[in-house]
Amino acid sequence: MSQSGKPTALFKNLSAKIAAIPMVLTALVVFVGCSVWTIVYSFTKSRLLPSTEWVGLDQYERLWGTRRWLISIENLAIYGILMLILALVIGFLLAALIDQKIRFEDGFRTIFLYPYALSFIVTGLVWQWLLNPEFGIQNAVRNLGFETFSFDPLYNPDTVLCGVLIAGLWHTSGLVMCLMLAGLRGIDEDVWKATKIDGIPAWKTYIVVFIPMMRPVFITTLVLVTSGIIKLYDLVIAQTGGGPGLASEVPAKFVFDMMFVSQNLAQGFAASTMMLVAVIFIIIPWAYLEFGGKKHG
C-alpha cells in the first residue's frame, strides 16, 4: 500500500492482469517465438529436417528467382486489388441499402452474413460446383434455351482468378456490410436531419458526409480484408488446386508445397518470412492511423 492508502500501480486491476497471462504467454511463445524461429531457419540449408548450416541470403535469392513464386505474387496482387475495391464497394452499397430501414431487415442481414459463417473450404466447393460447366450455372442457362452461353472461369487460365474472386466476394461482402452498417448506425441522426434540411441528396450524403466520418470503420475493414487476402489458401485449394497450370497459384500454397511436398523447409521459411513482411507493412500504417493520428489530433 502507498502512503495515501491507495494500491500501487502494480496491484491495480490485478485479477485482469492475471487473467491476461495465458494470452500474453501464447502471443510470446507461439506467435513471436515461432516467427523468430521461422526467420532464423530461413537463412539455413534446411531440407526435410531443420539444419543449422548457414547459407545467408541464398534461400531468398532462389525464392525471387523462382518463376512459380513470382507468378503467385502476381496472382495475389491482382486478386487482392480487385478484392479490396469490390468488397468495400459492395459491402458499403449493401449497408447503405439496409440502412434505409427496409422491411425484413434482420432477414436480409442474416442472408448476406451467412456465407461468412462457412469455411473457405465449403465456400470453394460450393462455387466449384456452381462454376462447373457441366452441371453449374452454364448448364442451367443452356437448359433455358441459351445454348451458346459460356461461363466456365475456373477452367480458363485467363479468367480463373475471376472465378476465385467471385467466391471470395460472396464469402466476405457480408462481413464488410455488417461493419459498414454498424458505422452508419453509429452516426448521429441529427446529421441526417441537417443534410435533408440543406437539400443534399441521399446518395451524396453517403459519399460526401458519411464516408469521411466512417474513417475508423474503413481502416478496420481494410485491415481485416487485407489479412484475409494475404493468407488466401483454402479457397484456391477447394476451387482450383492452383490451376490450370499456375494460373491461380498463391503464396500460401507455395509455402505449403515447399515445406510438405517438396520437403524444402528453408525455402518455405523464406517464403513465409516474405508473407510476414507483407503483414508488417499492413500493421504499421494501421497502427499509425489508429493511434498516431489520435495522438497528434
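Just so it is clear, the structure is predicted and the values come from calculations on it, not from any experiment. The residue numbering used here restarts from 1 in each chain and proceeds along that chain's sequence as written. Reporting in this predicted model follows two pLDDT cut-offs: at least 70 for local features of residues, and 80 or more for side-chain atom pairs to be given and counted; totals over whole chains, interfaces and linings ignore these cut-offs and use all residues. Side-chain numbers here rest on the full set of heavy atoms in the structure, without hydrogens or water.

## Details of helix α9 (residues 202-213)
Numbering goes from the N terminus for both helices and strands, where a helix is a DSSP run of H or I of at least four residues and a strand is a run of E of at least two. Expected helix span is taken as 1.5 Å per residue step, with the number of steps being one fewer than the number of residues. With 12 residues, α9 ought to run about 16 Å at 1.5 Å a step, and its terminal C-alpha atoms sit 15 Å apart, in line with that. Relative accessibility decides the category of a residue: with a 1.4 Å probe and only protein chains considered, values under 20% of the type maximum give buried, values over 50% give exposed, and everything between is partly exposed. Among all positions in α9, only T205, Y206, V209 and F210 are buried. One face of α9 carries all of its buried residues, which in axial projection span an arc of 125 degrees. Away from the buried face of α9 by more than 90 degrees, exposed residues W203, V208 and P212 are located. Here a residue-residue contact requires only that any non-hydrogen atoms of the pair lie within 4.5 Å. Taken together, the buried residues of α9 touch α3 (67-98), α7 (160-185) and α8 (189-197). Starting at the helix axis, one direction is taken to each C-beta atom, and the arc is that of these directions.

## Considering the layout of surface pockets
Of the pockets and cavities examined, the largest pocket occupies roughly 540 Å³. Of all the elements in the fold, those that place two or more residues in the lining of the largest pocket are α1 (14-41), α10 (215-230), α12 (251-261) and α13 (265-296). Residues were grouped as follows: Ala, Val, Leu, Ile, Met, Phe, Trp, Tyr, Cys and Pro as nonpolar; Asp, Glu, Lys and Arg as charged; and all remaining residues, including Gly, as polar. Tallied by class, residues from the lining of the largest pocket come to 14 nonpolar, 5 polar and 1 charged. Only protein atoms enter the 1 Å grid used here. Points where a 1.4 Å probe fits but cannot escape make up a cavity, open sets with protein on both sides within 12 Å along at least five of seven lines make up a pocket, and a residue lines them when an atom lies within 4 Å of a point. Grid points are joined across faces, edges and corners, and a volume is the space filled by probe spheres set on the points.

## Digging into α8
The N-capping residue of α8, defined by a side-chain oxygen 2.9 Å from the backbone nitrogen of D190, is D188. Remark: G199 follows α8 within two positions and exhibits a positive phi of approximately 75 degrees. Polar contact is the term for a pair of N or O atoms within 3.5 Å; when the atoms are in protein, one must be able to donate a hydrogen and the other to accept it, and sequence-neighboring residues count only if both atoms are side-chain atoms.

## Concerning the packing of aromatic side chains
Aromatic pairs are defined between Phe, Tyr and Trp rings, using the six-membered ring for Trp, whenever the two ring centres lie within 6.5 Å; interplanar angles under 30 degrees are classed as stacked, those over 60 as edge-to-face, and all others as tilted. The tally for this structure, following the rule as stated, stands at 17 aromatic pairs. Considering the side-chain rings of Y233 and F256, the 5.6 Å spacing of their centres and the 45 degrees angle between planes classify their relative orientation as tilted. Remark: F256 occurs in helix α12 and Y233 occurs in the loop between α10 and α11 (234-239); sequence separation between them is 23 residues. The class of Y233 is partly exposed, set by a relative accessible area of 21%. Take F256: its relative accessible area is 37%, and that puts it in the partly exposed class.

## Regarding unusual backbone geometry
Cis peptide bonds are those with omega within 30 degrees of zero, and the linkage from G243 to P244 qualifies with -5 degrees. With respect to the helices and strands, the residue P244 is situated in the loop between α11 and α12. The phi dihedral of F104 falls on the positive side, at around 60 degrees, and the residue is not glycine. Secondary-structure assignment places F104 in the loop between α3 and α4 (105-117). Even without a glycine there, the phi angle at Q263 is positive, about 55 degrees. Position of Q263 relative to the elements: it lies in the loop between α12 and α13. Residue classification places Q263 among the partly exposed residues on the basis of a relative accessible area of 40%.

## Some thoughts on the packing of α4 against α7
Orientation of α4 relative to α7, taken along the N-to-C sense of each, is 135 degrees, at an axis distance of 5 Å. With respect to each other, α4 and α7 are oriented oblique. Taken as a pair, α4 and α7 cross one another with a handedness that is left-handed. In this structure, α4 contributes E105, R109, F112, L113, P115 and Y116 to the contact, and α7 contributes W170, H171, G174, L175, M177, C178, L181 and R185. Here the contact of α4 with α7 is composed, by residue class, of 9 nonpolar, 2 polar and 3 charged. Between the N-to-C directions of two axes lies an angle of 0 to 180 degrees, each axis being a line fitted to C-alpha atoms and, for a helix, fitted only over the stretch in contact. Just so you know how the angles are binned, under 35 degrees is roughly parallel, over 145 roughly antiparallel, 65 to 115 roughly perpendicular, and the rest oblique. By convention, the crossing between two helices is left-handed when the near helix turns anticlockwise from the far helix through less than a right angle, and right-handed when the turn is clockwise.

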